[in-house]
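Chain and residue survey
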Amino acid sequence: MCDIYASTDPALYEPVSRSIRLNGQVTSLRLERRFWTLLDQLAHHEQLSTPQFVSTLYLEVLQRRGEIQNFASLLRVICTEYASRQANTLAEEAAELL
């Protein structure tokens, strides 16, 4: 059962750092390559560059919550939400075809 997951390409979970400007400050975010790929897709879907998307998201969360405890973890969760919604949309479209 776990072979599908155990055989995951190590390049997908390789940590990658990117410099991003958040709230006027340049910072470095370190995420696994797969999460950067999903953030790139999400940003493209929103018609923004990835740095623009991440910066806008940061400011919106800051406005709602007043602080952000762990922004990298938030980005990972957002990626899983995005992937889950995409999967649900595909499942619904497939069900309509049946």
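The structure under discussion appears in the preceding block.
Residues numbered from 1 in each chain as written. Predicted model: local features only at pLDDT ≥ 70, side-chain atom pairs only at ≥ 80, totals over all residues. Heavy atoms only, no water.

So, on to the overall build of the chain. What the chain contains, in helices and strands, is 4 helices and 2 strands. Sequence-ordered secondary structure for the chain, helices as α and strands as β, is α-β-β-α-α-α. Taking 13 Å as the expected radius of gyration for a compact globule of 98 residues, we find that the chain reaches 16 Å, considerably beyond that expectation. A principal-axis box enclosing the C-alpha atoms of the chain has dimensions of 50 × 30 × 25 Å. Among the 98 residues that make up the chain, the fraction classed as buried is 24%. Pairs at least 24 residues apart make up 38% of the contacts formed inside the chain by residues separated by at least 6 positions. When the accessible surface of the chain is totalled, it reaches about 7300 Å², and 51% of it is carbon and sulfur. (Helix = DSSP H or I, 4+ residues; strand = E, 2+ residues; numbered from the N terminus. Rg over C-alpha atoms; globule rule 2.2 N^0.38 Å. Buried < 20%, exposed > 50% of the residue type's maximum accessible area, 1.4 Å probe, protein only. Contact = heavy atoms within 4.5 Å. Areas by Shrake-Rupley, 256 points an atom, 1.4 Å probe, with all protein chains shown as cover.)

Let us now look at unusual backbone geometry. Backbone geometry places N23, a non-glycine residue, at a positive phi of 55°. The residue N23 is located in the loop between β1 (15–22) and β2 (25–32) in this model. With phi around 60°, Q47 is a residue other than glycine that occupies positive phi space. Mapped onto the elements of the fold, Q47 is located in the loop between α2 (33–45) and α3 (50–65).

Turning to α2, a few remarks are in order. The end-to-end C-alpha distance of α2, which contains 13 residues, comes to 18 Å, matching closely the 18 Å that a straight helix rising 1.5 Å per residue would cover. By the burial criterion, the buried members of α2 are F35, W36, L38, L39, L42 and A43. Projected down its long axis, α2 carries its buried residues within an arc of 160°, all on one side. In α2, those exposed residues whose orientation departs by more than 90 degrees from the buried face are H44 and H45. Buried residues in α2 make contact with β1, β2, α3 and α4 (71–97). After α2 finishes, the residue Q47 shows a positive phi value of roughly 60°. (Expected span 1.5 Å × (residues − 1). Arc of directions from axis to C-beta.)

Moving on, we get to the packing of α2 against α4. For any two helices packed against each other, the geometry comes down to the angle between their axes and how far apart the axes lie. Two numbers describe how α2 lies on α4: the axes approach to 10 Å, and their chain directions differ by 65°. In the crossing of α2 with α4, the sense of the turn from one axis to the other is left-handed. Taking contact as the criterion, the partners of F35, L38, L39, Q41, L42 and H45 in α2 are, on α4, L75, R76, I78, C79, T80, Y82 and Q86. Grouping the amino acids of the contact of α2 with α4 by side-chain chemistry returns 8 nonpolar, 4 polar and 1 charged. (Axes fitted to C-alpha atoms, helices over the stretch in contact; angles between N-to-C directions. Left-handed = near helix turned anticlockwise from the far one by under 90°. Nonpolar A, V, L, I, M, F, W, Y, C, P; charged D, E, K, R; others polar.)

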